[in-house]
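One-letter residues, chain by chain:
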Amino acid sequence: MACGMVRAKRPQPMGSGRLASVVAAPDVHTFAFADLAGFAALTEAMGDTDAAELANEFYGTVAGLAADYEAETVKLIGDAVMLRADDAAQAIQLALRVIQDVSGRHRFPTVRVGMHTGSAVERRGDWFGATVNIAARVSAEASGSEILLTGATREAAGPLMGVELRERGRRELKNITEPLALFAAIPEGSSASERLPVDPVCRMAVDPEHAAGSLLYGGVRFQFCSLGCAGRFAAAPDRYAPR
C-alpha cells in the first residue's frame, strides 16, 4: 500500500485519495454492483412490500452518494444497484462510503460490493459486455460489508491513501474462463469487530443498545431487530444459527 496526496478538487469523506492521478482511456469504465446481503431472508421475514420499500430506500441512498464521486447509478436490479464510473479510485471511495453509511446502519441489511474495470458498450442508457458481467460475479463473491475488486480495478485506481487492499486469492467465477485474483478494499486501521452484529433471521444489522431482544444459543449471543425475529429464532434456532 502506498500513501499520497488527496486531489484538491474535492475532499474525500473517507480521508483518502491517490498518490498520482491515473487517467483512464476513454472506453475504460469501472462498474460496481452493490446489493443487500441476505435479501431473500429479509423478504421472508418482512414481507414483499416492506422489502421492496427498503430496496428503493437503498437505491435512493446510493444514488445520492454517487454524484459526490463522479459516478452514475445505471439501474436498480432487484436489491442490487449497478454503478458506473470513469475513475476507478473514485469508484472504490464510493463503495467505502456506501459501506460506511449504509451497511453499519441499525435495522438495515449489510451491503456487499463487487467491481471490475474494462471496456463496455452503452445502449440506451444501459451497459453491456464482459466487464459488466465480471463485476456482477465479483459482487456475488463478497460477504456482507465487504468490497471486492479485481486486479484490473486495482491497477486502474493507482496508489490509494488510507485504503488497504487485502488479497483474497484467486476465485473461479461462474461462466468466466480463467480464475481472477480478488482484493478486498478496507479503510486503513479498520477491523471486522467494528461492525454491528447481524440479526440471524432477517439479516439486518442491529445496534445492541437498540435491539428488541437477544438470545444465547450455542455459546453465542444473537441480537434481534424485532420480537418477531427473536420468536422465529427461538422456535427453530438450528435453522438460523451459523454452522
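Residues numbered from 1 in each chain as written. Predicted model: local features only at pLDDT ≥ 70, side-chain atom pairs only at ≥ 80, totals over all residues. Heavy atoms only, no water.

Enquirer: Mind showing me how you'd approach the overall build of the protein chain here?
Expert: Looking only at helices and strands, the protein chain features seven helices and 13 strands. Classification of the 243 residues of the protein chain by burial places 44% in the buried group. Restricting to contacts in the protein chain with at least 6 residues of sequence separation, those with at least 24 account for 64%. Put simply, the protein chain shows about 11,900 Å² of open surface, and 51% of that area lies on carbon and sulfur atoms. (Helix = DSSP H or I, 4+ residues; strand = E, 2+ residues; numbered from the N terminus. Buried < 20%, exposed > 50% of the residue type's maximum accessible area, 1.4 Å probe, protein only. Contact = heavy atoms within 4.5 Å. Areas by Shrake-Rupley, 256 points an atom, 1.4 Å probe, with all protein chains shown as cover.)

Enquirer: Any chance you could explain the nonpolar core here in plain terms?
Expert: Core analysis: the biggest nonpolar cluster contains 50 residues, and Phe58, Val111, Val113 and Met115 have the highest contact counts within it. With ten residues, helix α3 (residues 88-103) is the single largest residue contributor to this core. Apart from the residues within four sequence positions on either side, Val113 is in contact with Ala32, Phe33, Ala34, Ala95, Ile99, Ser139, Ala142, Glu146, Ile147 and Leu148. (Core = buried A, V, L, I, M, F, W, Y, C linked by side-chain atoms within 4.5 Å.)

Enquirer: Please clarify how the packing of aromatic side chains should be interpreted in this entry.
Expert: Aromatic rings considered in pairs are described by the distance between their centres and by the relative angle of their planes. In the structure shown here, the tally under the stated rule is four aromatic pairs. When the ring of Tyr217 is compared with that of Phe233, the centres are 5.9 Å apart and the planes differ by 85°; the resulting orientation is edge-to-face. On the criterion of sequence distance, the pair formed by Tyr217 in strand β12 (residues 213-217) and Phe233 in helix α6 (residues 227-235) is long-range, its members being 16 residues apart. Tyr217 gets classed as partly exposed once you look at its relative accessible area, which sits at 30%. Given the relative accessible area of 1%, Phe233 is considered buried. Relative to Phe233, the ring of Phe224 lies with its centre 5.3 Å away and its plane at 55°, an arrangement referred to as tilted. (Phe/Tyr/Trp six-rings, centres within 6.5 Å; stacked < 30°, edge-to-face > 60°.)

Enquirer: I'm lost on the sheet that holds strand β9 (residues 163-171) in this one. Help?
Expert: Whenever strands of a sheet pair, they do so through backbone hydrogen bonds, lying parallel or antiparallel. Within the open sheet, the seven strands sit side by side as β2-β3-β1-β5-β8-β10-β9. Their pairing is mixed. Among the strands making up the open sheet, the edge pair consists of β2 (71-77) and β9. Ignoring which end each strand starts from, the neighbouring axes of this sheet average 25° apart. Its contacts with the sheet place α3 against β1 (28-36), β2, β3 (80-85), β5 (111-119), β8 (147-150), β9 and β10 (180-187), and it is angled at close to 170° to β5. The strands touched by helix α4 (residues 130-141) within the sheet are β1, β3, β5, β8, β9 and β10, with β5 carrying the most contacts at an inclination of about 155°. (Pairing = 2+ DSSP bridges. Axes fitted to C-alpha atoms, helices over the stretch in contact; angles between N-to-C directions.)

Enquirer: Would you mind going over α3 with me for this structure?
Expert: Because the α-helix completes a turn every 3.6 residues, residues three or four places apart line up on one side. Taking 1.5 Å as the rise per residue, α3 with 16 residues should run 22 Å; its terminal C-alpha atoms sit 21 Å apart, in good agreement. Burial of α3 is extensive: 14 of the 16 residues sit out of reach of the surface. Put simply, Asp87 is the residue that caps the front of α3, since its side-chain oxygen is 2.9 Å from the backbone nitrogen of Ala89. (Expected span 1.5 Å × (residues − 1). Polar contact = N/O pair within 3.5 Å; in protein donor to acceptor, adjacent residues only side chain to side chain.)

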